[in-house]
Structure formats: C-alpha cells, structure tokens
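Close look at the chain arrangement
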Amino acid sequence: MRELFTVAVMFLALVGLAYGIAFVGQPQIYEVAWLSMTVIGLIAIVAEIVYFAALFLSLRSIGEVPDRWYARSFEHHRRLSAGQQRVVLPFFYLGFVGLSVALLIAVVLVFASFGVFGDLPGSLFEGDS
C-alpha cells in the first residue's frame, strides 16, 4: 500500500505543478491535457483499488494470504486460478497503463510550460516562448 500511496502522491504533485503553471502556454491545450490526465489518473487509481481488493479476496478464497501480500502483489498472480486471473489481472494492467499515461501527460505539461517544445517546427507552442 505504501507503493500505491507514493504513486498517488507523485501523481498529485505533478498534477499540481502542471496546473499551477498552466497559464504560461495556451490555456485550451492545458485545460484539455490537465482534464485528460486527471480523469485517466482517477480511473487508474480506482482500477488499482479494485485490483488489490480482488487479489485479496482471491487469495483469501484459496486460503493463501501471506503477510504483506500487498507489498509485492504481482508475485501472487501465479497462485490464482485461470478464472481468478481473468478477473484480477485486467485491473492490474489498466491501473499500470493508466498511471503511466497520466504521468507522461504530466511530464509533457511541465516541459511545455517551460517552453521546451516552443522551438520545434510545427509545434502548437511555437512562438509562445
């Protein structure tokens, strides 16, 4: 759970940074990107919560809930039956991909805010720096 908390804190910090300096560039782009990042991140966090709950219930149903099972949850995937994996693992992958995409959008927003992309030909931020 500490890992999930760390990811959530990092995500919120990048969201705050991107939102705080959004007025530097084109407001419409930042609004859409910020909203997309927030929605994708929230979906990913909910997917991770569902994943941890489903993994716990699956491990409990087979009577194998080790101590600190949540710290290295992916190591317990092999203990699940094929049916349990079909229920549990999609939430794991959705959460991972969603958080990765949200983090990528946040990093791009931060770089764009400082004018890094302003020098690229055809850039949406051309001339803003």
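Below or above, wherever it landed, is the structure these notes cover. (Residues numbered from 1 in each chain as written. Predicted model: local features only at pLDDT ≥ 70, side-chain atom pairs only at ≥ 80, totals over all residues. Heavy atoms only, no water.)

**Things to note about the overall build of the protein chain**
- Each helix and strand counted, the protein chain has three helices and zero strands in total.
- For the protein chain, the N- to C-terminal ordering of α and β elements is α-α-α.
- Out of the 129 residues in the protein chain, the part that is buried amounts to 33%.
- When contacts within the protein chain are restricted to residue pairs at least 6 apart in sequence, long-range pairs at least 24 apart make up 59% of them.
- Here the protein chain has roughly 8100 Å² of accessible surface; of this, 71% comes from carbon and sulfur atoms. (Helix = DSSP H or I, 4+ residues; strand = E, 2+ residues; numbered from the N terminus. Buried < 20%, exposed > 50% of the residue type's maximum accessible area, 1.4 Å probe, protein only. Contact = heavy atoms within 4.5 Å. Areas by Shrake-Rupley, 256 points an atom, 1.4 Å probe, with all protein chains shown as cover.)

**Observations concerning the packing of aromatic side chains**
- Per the counting criterion, the structure on display carries six aromatic pairs.
- With centroids separated by 5.5 Å and ring planes inclined at 35°, the aromatic side chains of F56 and W69 adopt a geometry described as tilted. One end of the pair, F56, is in helix 2 (residues 27–61); the other, W69, is in the loop between helix 2 and helix 3 (82–113), with 13 residues separating them in the sequence.
- Judged by relative accessible area, F56 falls into the partly exposed class, the value being 29%.
- The interplanar angle of 75° and the centroid separation of 5.2 Å between the aromatic rings of F92 and Y93 together place this pair among those described as edge-to-face. (Phe/Tyr/Trp six-rings, centres within 6.5 Å; stacked < 30°, edge-to-face > 60°.)

**Details of unusual backbone geometry**
- Phi at R68 takes a positive value of approximately 50°, unusual for a residue other than glycine.
- As for its position among the elements, R68 is in the loop between helix 2 and helix 3.

**Focus: the side chain of E48**
- Inspection of the secondary structure puts E48 in helix 2.
- The class for E48 is buried, based on a relative accessible area of 9%.

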